[in-house]
Each structure stands twice: as structure tokens, then as C-alpha cells.
Amino acid sequence: MQTRAQAGIHKPKRYPAEYQLYSASLTNLPCEPGSTKEALESEQWKDAMLEELKALERNHTWSLVPYSPTYNIVGNKWVYKVKLNADGSFQRCKARLVAKGYHQTPGIDYTETFSPVVKASTVRIILTIVVSKNWGVRQLDVNNAFLNGTL
């Protein structure tokens, strides 16, 4: 039997945050902020946050209701990510506003969940059809995807 190390298979190296900041400064990439306060100091991150808020409003993601002490208020937080092109060059700053769903109780705050996931066998079938028909394959980056949204 051959081990992973003998086969040349190794875990990717995880670098500390200081190294990531150092390497980002060498490549002129914007650094991912650690807090909303840091993000608001940068125009790029402010624009990314506004873009996310506009998309959430445009898709009617939530509706404001009067406060009641019987409601379980779900908090949120901002998640920041620098998106890169395939060649490693800067593409854009992406900010997402995510709900802290771990504060919810199943059966009380919600009754069902849905997570759209494609099966690997489906991807293989699609690629087999593409190859047999001699079609081209392109990647599509969806900026904001919402379940039951209008297309």
C-alpha cells in the first residue's frame, strides 16, 4: 500500500494572516478587511457592500415588520472576499451580508430548509453530451442568485 505522502499528495499549506497581508502588499491586491469598520474605510469595499444591499433590496429578500418581544431576531454579519481571475489578477471585491442562522431553533423559527446542490453525476452527463456534440464550454459567474427569483 502506498501512502499519500509517497504518492506526492500533500495538504495545501495554510499561511498565517501576517503572511497573507505581506503577499497581498506585494501584488497590489486589496486586503480583505477583518471588520465592517475597516471595510468602510475603503471605497472599493463600500461599493461592494452597497452592491450587495441593492441586490438584496431588488430581490425582496426580506420585509421589515414591527418589533415584538416574541420574535427571535436573527443577526447578520458582513463577509468579505477578494475575487481573482483565472490568471491570479484582481477581479473585484465581493461583500456578502449573511444571516447568523445558528441563533434559530428548528421547528420554531423555521420548518424547512433547501440547499440546491448539483450532483457530480449530473455534471459528468452534461460534459459527456458537450463532448459528443462537439460544443464549447464556458463558465458563468452569477453575481447574485436567489431561489424563486425572476429570470
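Residues numbered from 1 in each chain as written. Predicted model: local features only at pLDDT ≥ 70, side-chain atom pairs only at ≥ 80, totals over all residues. Heavy atoms only, no water.

Draft legend 1. Local environment of a nonpolar patch on the surface. A grouping of Val-65, Tyr-67, Tyr-71 and Ile-73 is seen on the molecular surface, where their side chains present a nonpolar patch of about 490 Å² in accessible area. Position of Ile-73 among the secondary structure elements: in the loop between helix 3 (43-58) and strand 1 (76-84). Taking the relative accessible area as the measure of exposure, Ile-73 reaches 54% and is therefore exposed. (Patch = residues over 30% accessible without salt bridge, like charges linked within 9 Å, V, L, I, M, F, W, Y side chains within 5 Å. Areas by Shrake-Rupley, 256 points an atom, 1.4 Å probe, with all protein chains shown as cover. Salt bridge = Lys/Arg side-chain N within 4 Å of Asp/Glu carboxyl O. Helix = DSSP H or I, 4+ residues; strand = E, 2+ residues; numbered from the N terminus. Buried < 20%, exposed > 50% of the residue type's maximum accessible area, 1.4 Å probe, protein only.)

Draft legend 2. Structural view of the pairing of strand 1. One ladder, built from nine bridges, connects strand 1 with strand 2 (residues 90-99); its direction is antiparallel. Each residue of the ladder has a partner; that of Tyr-80, found in strand 2, is Ala-95. Turn length for the strand 1-strand 2 hairpin, with the two strands adjacent in sequence and antiparallel, is five residues, and the turn residue Gly-88 shows positive phi of about 90°. (Pairing = 2+ DSSP bridges.)

Draft legend 3. The pattern of salt bridges, seen in detail. The tally for this structure, following the rule as stated, stands at three salt bridges. For Glu-32, the salt bridge goes to Lys-81, with nearest N and O atoms at 3.8 Å. Residue Glu-32 is found in the loop between helix 1 (17-27) and helix 2 (36-39), and its partner Lys-81 is found in strand 1; the two are separated by 49 residues along the sequence. With a shortest N-O distance of 3.3 Å, Glu-43 and Lys-46 are connected by a salt bridge. On the criterion of helical spacing, the pair formed by Glu-43 and Lys-46 is a turn pair, its members being three residues apart in helix 3.

Draft legend 4. Summary view of the packing of aromatic side chains. The final tally for this structure, using the stated rule, is one aromatic pair. Ring centres 5.5 Å apart and planes at 80° place the aromatic pair Trp-45 and Tyr-80 in the edge-to-face group. Here Tyr-80 lies in strand 1 and Trp-45 lies in helix 3, a separation of 35 residues in the sequence. (Phe/Tyr/Trp six-rings, centres within 6.5 Å; stacked < 30°, edge-to-face > 60°.)

Draft legend 5. Representation of helix 3 within the structure. If you check helix 3, its first and last C-alpha atoms are 22 Å apart, about what 16 residues at 1.5 Å a residue would give, namely 22 Å. Looking only at helix 3, the buried set comprises Trp-45, Ala-48, Met-49, Glu-52, Ala-55 and Leu-56. Axial view of helix 3: buried residues confined to an arc of 125°, hence all on one face. Structural note: helix 3 exposes Glu-43, Lys-54, Glu-57 and Arg-58 on the side pointing more than 90 degrees away from its buried face. In this structure, the buried side of helix 3 is in contact with helix 2, strand 1 and strand 2. (Expected span 1.5 Å × (residues − 1). Arc of directions from axis to C-beta. Contact = heavy atoms within 4.5 Å.)

Draft legend 6. Inspection of the side chain of Ser-68 at higher detail. Topologically, Ser-68 is positioned in the loop between helix 3 and strand 1. Side-chain polar atoms of Ser-68 contact the side chain of Thr-70, separated by 2.9 Å. (Polar contact = N/O pair within 3.5 Å; in protein donor to acceptor, adjacent residues only side chain to side chain.)

Draft legend 7. Spotlight on unusual backbone geometry. Here the phi dihedral of His-60 falls at roughly 50°; this positive angle occurs in a residue that is not glycine. Here His-60 is to be found in the loop between helix 3 and strand 1. Of note, the phi angle at Asn-134 is positive, near 60°, even though the residue is not glycine.

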